Every structure is written in structure tokens, then in C-alpha cells.
Amino acid sequence: MRRQVLLFVSVVSLCSVLGQVTYSVPEEMSKGSLVGNIAQDLGLDLKRLKTGKARLHIGNSAEYIELNKEKGLLLIKEKIDREALCKQTTPCALHFQIILENPIEFYRVTVEITDLNDNAPTFKMNSMLFEISESAVKGAKFVLEKALDSDVGINGLRSYSLNPTDNFILKLTDNAGGEKEVEMVLEKPLDREKQEHLTLTLTAVDGGEPQQSGTVQIHVTVLDVNDNAPVFTQSTYKASLMENAQKGTSLMTVRATDIDQGTNGLLTYSITSNTEGILDLFEIHETSGEVRLIGNIDYETSKHYQLHVKARDQGGLTDSCKILFDIIDVNDNAPIIDLMSTRQSLPEDSPLQTVLAVMNVHDADSENNGVIKCFLRDSVPFIIENTSNGFYSILTNDDLDRERASEYNITLACSDEGVPSLSSSVTLTLQISDVNDNAPVFERSSYEAYIVENNTPGLSIFTVKARDADWNQNARVSYILEDSSVNGVPVSSYVSVSADSGVIHAVRSFDYEQIKDFHFRVKAQDGGSPPLSSNVTVKILIQDQNDNPPQVLYPVQTGGSLVAEMVPRSADVGYLVTKVVAVDVDSGQNAWLSYKLQKATDRALFEVGLQNGEIRTIRQVTDKDAVKQRLTVIVEDNGQPSRSATVIVNVAVADSFPEVLSEFTDFTHDKEYNDNLTFYLVMALAVVSFLFITCLVVIISVKIYRWRQSRILYHSNLPVIPYYPPRYSDTLGTGTLQHVYNYEVCRTTDSRKSDCKFGRADSQNVLIMDPSSTGTMQRIQNEKSILDEPDSPLEVSLME
């Protein structure tokens, strides 16, 4: 961008004003643009600017300029809008001082802001409105609004143009203040009847580059003058008029037009006639031209009437026309219907040919004008019969049904044979009274509803609804719970039905684990005599709630004994210690179980499978690991809110039983530690050795005894008694499952479809401690060589 710099430097010995610099920059320069090299223009060293702490003194003006002391430059700090800063004032300049300290010096700086053509001419008004009479003469002047341009000089407003120029031209004149006035001059007379509205465009342009312009719409409304007379659409109007036409009858409407507008086109109508009495028979509406009959006419008195009508506008201009009426003789007496007897209501089971009404019909006319025919207008289940001369009866002709039609409006019409025919009619209203012939109908063929278990007794489950097409008492429906049983219990102990509303309430609190659904029947009975009824089947489905915590199946937690799982010190990472088996009697996601390790003696040694409950080692077992490990496993379901159960799993980290004897005694007798611990361990080892030898002797004896018994049974006819080997003994009081098996629970999303499997424990060792037997330890070894023998003992008792 071109920048002009004017430099004026003057040295004054007074007041420490050392010089003045003037710069010229265009407006709208971007932030950071260069104004001038002030250090170079003032002959100052850059070091002087720094040591003198050079700064700009702006005063109360906005900070548009900033000083870069490092380079001695003046820069644009904020974008400058000349129009916002100086409006129409020229020249537009910023004045400030540069002040230095040690010694104090200051320099005056002036920055002149030059104009850019960044503003187009604008008009204050969105449009200009003029109302000009069509009688305006050529040369009439109309002053237009001037445009405004915020720019100055050559960028300011230059000229105007008007388009189109069919009727008006543009003229610029100088006023007393030296400003130009814009005038619109009428060049061609206006005609409202040809063009009522004109739209012109006034354009103002400036002298900048590029040139900019602004426009405004001029709307001219042409005002009317009375230069046209009224004209009737017809010079003569003809019409026929019946002699029995009623007073106030509209006969016709005459119309005249005036192409003028406003009051000049406003017409008034009047009747002018020399015939005597004509104004007593006819009148015309002053503004609409509607002709009405106001008197009685008679064909025998006059067969023709002639009217003269005049139309006059507000300027006194007029036109006239004629109206000719031909009077036609007509049958002017209608039949008269005289009701003699009628019935207001009938029951819907009334027999055919029941009489509803009897009437007499007569006509005052004579000959054909007095011959009468009567009929029923609407398609109704009734007929009319002529019983004798002038007497008629209305009878039923079809079966009545109140539910199809509860009321009939029977219109009887009678007409004569005149030309044209005259007729009379009368309408009878007949109410059809109800008979109980419709049974209640339920809205559905069957109902199905859901209720969440553990509900509050008396809870409203849902509503059955039946409708009866009958009326009043015959349509009053009562609801009855039909007798039935659910699992041998009367259904009334489960639910009740409100007789009036059909609302079904729960009588008891339901338990999903006991009953999942049941059905019953509800009867709807109306209040008729005899009553009619219908019934519907209702099925209630109980929805599960998470109201049962998980139940741990294994390991069994009892007060009499403790189960301990044995882990050899040589166990690798991922060694299966045991498996926590749990079930949840709820269903769906309420029965989805997850297992978490809540507490452990050494959390870094064991982990629990989130889904399967398997307890495995997560690192190599070392000699430093404690023999006694106590794990607390929490089992949670997926219900909302969640329920849980906790099980304690005791684990022995050891390779032999004597090694863990003292530690496991502490599980149930933590307070019995004493100074004689070593003595008891030695005693326990001796007892174990003694028991081991004793067991060997017993096993050998049992084997010999059983062999001898089998030989005896083989040669005898005694019945065979089943023998269960020791591994089926109910040692823990939990059933006859083999001790070398663990429970494995396979869960599904529905607890009713869950399966329990029993799998071998492989190389696991199970220790069973009985605190009540003062140190008795039962060891169940799962060795493959022993399991291969059906009669091998699996249980060794070690006594202290």
C-alpha cells in the first residue's frame, strides 16, 4: 500500500520541544503495518530510545499507533476507520508526542489519515412514497431524499440517475447552502385508469475507484379525478315475476360501472317512474342496485310492470336503464297438513305395521291445483298409507334397532298437481326405546399384563373394558371374576376385579421364583332383565426382581469344619487352586454372576476369574510365601441394585501335611497359639505316622474281609446289598458327591436353563479341618494311581 511521509523537523530551544514529524497513511491499514521510521526521521539513535525509555503520549485519544523501540518504528496498533474517527472533517489526523527521559525531551508527531472509497452512497429511507393526482400538470416538481456518503473528497457523492424516465425526469439544483437538491419533474401527464402505480429507481454514485452506488425505490400512487360518467351494463333488463312472490323478495340486481376511483367511482341508484303506485311495490338498494318486492302483486290486476332506474356518481354524472317485469299466474295455495294423532316413542321390538301417526291433508285450490299426493322424503323403515279421502297413516315397515338408529326424523311432504306444484311438509321426531338385546363386548379377545414381583397387595395391575351397545341400565356393565384355581389355590386369593371399573388388583404379593404366570377369566354382565354377559381370558405374567442374593455351592461354609485347598510350592503361574461355584435363583441379568477377590493374605499371589470363579496363581509360588493363605471372594449378580454373597477360601501353600499342620490349626483357633507350639507339632507328626500305619493295617484287613465275603456271596443265594465305596461317604454332610470332584456351574441368561456339572479336580489337594475334633485333619488326596482302583481308600484320618 502506498504510504506518504511528510517530515518536518524544527529545533526549538524552548520547552524541550526538539522537532515535529508528520506522516500520511491511508485508512483501514492492517494491524502491525508500518507508519514510519521515527528514529531515522528524528535523527535519534536506537540506544537513545532504549535508555531514554521512549514512549508515546496519546492523551485521551484511542491508541491506534504504537512504538517499536527495538527498531525505532511507528506501527499500526489498531485498524483505523477514518469515518469513525473524523466523520466528514478533513483533513483527519492523529496527534501525539514521543517522550524521552534523562534528559527529558519530546517530539510532536502527526499522522494524517487519508480516505479510501470504502463506503457506498446510502439512503436513510428504504423507499420513498408519493401520491400524485392524475390532473397534475407537466413540470410539477417533487423533492427527493438525498443520499449520504461517509467518504470525502473525490470518494464522496457525485451524481444521481432515475430509471425509468417515461413520466418523470431528474433535476439537480443548488440550494442557498451550496448543496445540491434532487428533484423529480413530471414530464408526461399521468392517467390512473391506465396505470395506477409506478415504481422508479433512484441511483446515487460516488467518484471513487472503483465506483460505488446506492439505490432507493420510489413508489408513485396516481390519485383519481372524476373524468368518467357511469355506464349501465344493459340498457334494458327483463324478468318474470310470480304473482305470489313474497314481500322482500330479491327480483334482480342492476349494475353500472364507473372507471373512476374512490368517491369519483361511488354510484347511487334510484327508481324514477310516472306510473302511479309503482314506488309502493318496488324498491332499489341505493348502493348495490338490488331490486326488491315490497308490496303484493296480482296477475289479475296487472300483467306487466316497467321501472326506470338512474345511476349517479358523486360528481353529478348519470346514466339510466329500464326494467320490464312480466307477471305469471301461479298455483299460490299449498296443501295444509293437520296432524290428528302421533306417537313420541316406540320400543325397538315393535311388530310391523305399527301405527305412528294419523293426519288429514287438504288444499284450498281447485281442480288440478287441489289434487294432493303425500310421501315420506327420507329412506326410513316407515310407509304412508291413504286410509280414506284426505286421511293418511304412517306405519312401521321394517324391524327397528335402537343400536343402529335411536331416533328418526320422519318428514312427510304433500304436494298438489299445480304448475308449478306447491307442497307442504311436516317433520315428526320418533324415539326408539331400548330393549336388552346386546351382550357386553370386551375391547380385546384376550388380555395379557405384566406385574413386577414383590408388589404391594392391592396394587392395580391393569383394566379390562367391555362395552354394551344398549342404553341406560341395559348398558351398565359389571365385572365378575369367574371361579377357577391356580396351582390348587382359588384365583380370588391372587387377584380381584372391581365390579364397576374393571380394574384388576393384586390380592397378594407375587414371587417370581414360586409362580411365573397364571390366567383366569373375567365375566362382563349388563344390567338388563334378563342380563346378558360375555367373558375374556386374562393372563398375568410375573416379572423378576433382583430379590435373591447369590448362593455359594462350593466351597461349603459350615461352622463345624473348614475346607482348605493345598497348593504345592512348585505350582506354576496359572495353577488352578480351586473354583468358587455359586448360583442365583433369579432370572435374566439378575442371575448373571461375577466373582471378585475382596481380600487376600497376598493379593499378588492369587486371582479370581470374573466369570468362572476359578482361583489361580498369578505368579510362581516361592518358599517365602506364607503357608496359610486366606482369600475372601465376593460373588455379585448383575441386578439393580446388585446383591452379593461372600465366601472364605483357605489355601495351604506347602508340599507336605506336617508342614502345614500348625498353620491350619490357627484357622479356627487363632487364639490358641502358645509357647508349646513346637511340642504340638512333634506330637502331630507322631500321630500322623501312627495313623498312617494303622490305616494300612485296616485297609489290608478290609481287603481280605471283602474278598472272603465276595466268595461267600458268590456261592450263596443271599440277596446282594449294594456297596458304596468310601469315596462316596457323606463326610461333609453335603451329599454323596465324590470328594475328588468339584462343582462346575454353567450359567445362562435364564437361571431356569442353568446346568451344574461335576468335574474332576485333577491334581488338587483338599484339606478338611474339623475344629470340634481337637485337631483332627482329614486329607483327601486326588492321585491318579489311587483313583484307577475302584476300592482304593481316598480318605486318611490323622489324629493328634
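Preceding this section is the structure that the text describes.
Residues numbered from 1 in each chain as written. Predicted model: local features only at pLDDT ≥ 70, side-chain atom pairs only at ≥ 80, totals over all residues. Heavy atoms only, no water.

Undergrad: Residue-level account of the overall build of the protein, with values.
TA: Regarding its fold elements, the protein presents seven helices and 57 strands. By the burial criterion, 39% of the 800 residues in the protein qualify as buried. The long-range share in the protein, meaning contacts at least 24 apart out of those at least 6 apart in sequence, stands at 64%. (Helix = DSSP H or I, 4+ residues; strand = E, 2+ residues; numbered from the N terminus. Buried < 20%, exposed > 50% of the residue type's maximum accessible area, 1.4 Å probe, protein only. Contact = heavy atoms within 4.5 Å.)

Undergrad: I'd love a proper account of the nonpolar core, names of residues and values included.
TA: The biggest cluster of nonpolar side chains holds 29 residues, and the ones touching the most others in it are Val495, Ile504, Phe518, Phe520, Val522, Val538 and Ile540. Broken down by secondary-structure element, the contributors of at least two residues to this core are strand 34 (446-452), strand 35 (460-463), strand 37 (478-481), strand 40 (495-497), strand 41 (503-506), strand 42 (517-525) and strand 43 (533-543). (Core = buried A, V, L, I, M, F, W, Y, C linked by side-chain atoms within 4.5 Å.)

Undergrad: Just give me the short version of the pattern of salt bridges, but keep the residues and values in it.
TA: A complete count under the given rule lists 18 salt bridges for this structure. With its nearest N and O atoms 3.9 Å apart, the salt bridge here joins Lys373 to Glu417. Highlighted residues: Lys373 in strand 28 (residues 372-376) and Glu417 in the loop between strand 31 (407-416) and strand 32 (423-433), separated in sequence by 44 residues. Each of the salt bridges in this network shares a partner with another, and the network as a whole consists of Arg82, Glu83 and Asp115. (Salt bridge = Lys/Arg side-chain N within 4 Å of Asp/Glu carboxyl O.)

Undergrad: Tell me about the sheet that holds strand 40, residues and numbers included.
TA: The strand order across the open sheet built from three strands is 35-41-40, with neighbouring strands paired in antiparallel fashion. The strands lining the two open edges of the sheet, one partner per strand, are strand 35 and strand 40. Going across the sheet, the axis of each strand differs from the next one's by a mean of 25°, ignoring polarity. Both strand 40 and strand 41 contribute to a ladder of three bridges, which runs antiparallel. Of the residues in strand 41, the one forming a bridge with Ser496 is His505. (Pairing = 2+ DSSP bridges. Axes fitted to C-alpha atoms, helices over the stretch in contact; angles between N-to-C directions.)

Undergrad: Account for the state of the cysteines, with residues named and values stated.
TA: One pass over the structure, following the stated rule, counts two disulfides. With its sulfur 2.1 Å from that of its partner, Cys374 forms a disulfide with Cys414. With the S-S dihedral at roughly 110°, the linkage between Cys374 and Cys414 falls on the right-handed side. Residue Cys374 is located in strand 28, and its partner Cys414 is located in strand 31; the two are separated by 40 residues in the primary sequence. Both residues of the pair, Cys374 and Cys414, count as buried. (Disulfide = S-S within 2.5 Å.)

Undergrad: Give a description of a nonpolar patch on the surface that names residues and reports values.
TA: There is a patch of nonpolar side chains on the surface, built from Phe692, Ile693, Leu696 and Val697 and spanning about 390 Å² of accessible area. One can find Leu696 in helix 6 (residues 677-714). We classify Leu696 as partly exposed; its relative accessible area is 42%. (Patch = residues over 30% accessible without salt bridge, like charges linked within 9 Å, V, L, I, M, F, W, Y side chains within 5 Å. Areas by Shrake-Rupley, 256 points an atom, 1.4 Å probe, with all protein chains shown as cover.)

Undergrad: Now, about the environment of Ser424: what can you tell me, with residues and values included?
TA: Along the chain, the position of Ser424 falls in strand 32. Given the relative accessible area of 17%, Ser424 is considered buried. Separated by twelve residues in the primary sequence, Ser424 and Leu412 have C-alpha atoms spaced 8.3 Å apart. Non-local contacts of Ser424, meaning those with residues more than four positions away in its chain, are made with Ala334, Pro335, Ile337, Leu412, Ala413 and Cys414. Reaching out from Ser424, the side chain makes a polar contact with the backbone oxygen of Pro335 at a distance of 2.3 Å. (Polar contact = N/O pair within 3.5 Å; in protein donor to acceptor, adjacent residues only side chain to side chain.)

Undergrad: Can you explain the packing of aromatic side chains? Please cite residues and give values.
TA: On inspection of all chains with the given rule, the structure shows 13 aromatic pairs. Taking 6.1 Å as the distance between ring centres and 65° as the angle between the ring planes, the aromatic pair formed by Phe130 and Phe142 counts as edge-to-face. You can see Phe130 sitting in strand 9 (residues 127-133) and its partner Phe142 sitting in strand 10 (residues 141-144), a full twelve residues away along the chain. Ring geometry for Phe382 versus Tyr408: centroids 5.3 Å apart, planes at 90°, classification edge-to-face. (Phe/Tyr/Trp six-rings, centres within 6.5 Å; stacked < 30°, edge-to-face > 60°.)

Undergrad: For the side chain of Glu83, give the residues involved together with the corresponding values.
TA: With respect to the helices and strands, Glu83 occurs in helix 3 (residues 82-86). Side-chain polar atoms of Glu83 contact the side chain of Arg82, separated by 3.5 Å. If near-sequence neighbours (up to four positions away) are discounted, Glu83 is found in contact with Glu27, Asp115, Leu116, Asp118, Asn119, Ser150 and Asp151.

Undergrad: Could you give me a rundown of the sheet that holds strand 13 (residues 180-186), with the residues and numbers involved?
TA: Spatially, 10-13-12 is the arrangement adopted by the three strands of the open sheet, whose pairing is antiparallel. In this open sheet, the two strands that pair with only one neighbour each are strand 10 and strand 12 (168-174). Each strand of the sheet is rotated relative to its neighbour by a mean of 35°, with strand direction disregarded. Both strand 12 and strand 13 contribute to a ladder of seven bridges, which runs antiparallel. Bridge pairing in strand 13 places Asp174 opposite Lys180.

Undergrad: I'd love a proper account of unusual backbone geometry, names of residues and values included.
TA: In terms of backbone geometry, most residues other than glycine have negative phi values and most peptide bonds are trans. In this chain, Glu209 is followed by Pro210 through a cis amide linkage whose omega measures 0°. Note that Pro210 resides in the loop between strand 14 (197-206) and strand 15 (213-223). The peptide bond linking Ser529 to Pro530 adopts the cis configuration, its omega dihedral lying at -5°. Positionally, Pro530 belongs in the loop between strand 42 and strand 43.

Undergrad: Give a description of the pairing of strand 23 (residues 304-313) that names residues and reports values.
TA: The alternating pattern of strand 23 places Tyr305, Leu307, Val309, Ala311 and Asp313 on a buried face, while none of His304, Gln306, His308, Lys310 and Arg312, on the opposite face, is buried. Where strand 20 (residues 267-272) and strand 23 come together, six bridges link them in antiparallel fashion. Bridged to Ser270 within strand 23 is Lys310. Relative to strand 24 (residues 318-328), strand 23 runs antiparallel, the two sharing nine bridges. In the sheet register, Ala311 faces strand 24, and the bridge partner there is Asp319.

Undergrad: Just give me the short version of the side chain of Arg192, but keep the residues and values in it.
TA: Structurally, Arg192 is set in the loop between strand 13 and strand 14. Given the relative accessible area of 9%, Arg192 is considered buried. Among residues more than four places away in sequence, those in contact with Arg192 are Glu134, Val222, Leu223, Asp224, Ile259, Asp260 and Gln261.

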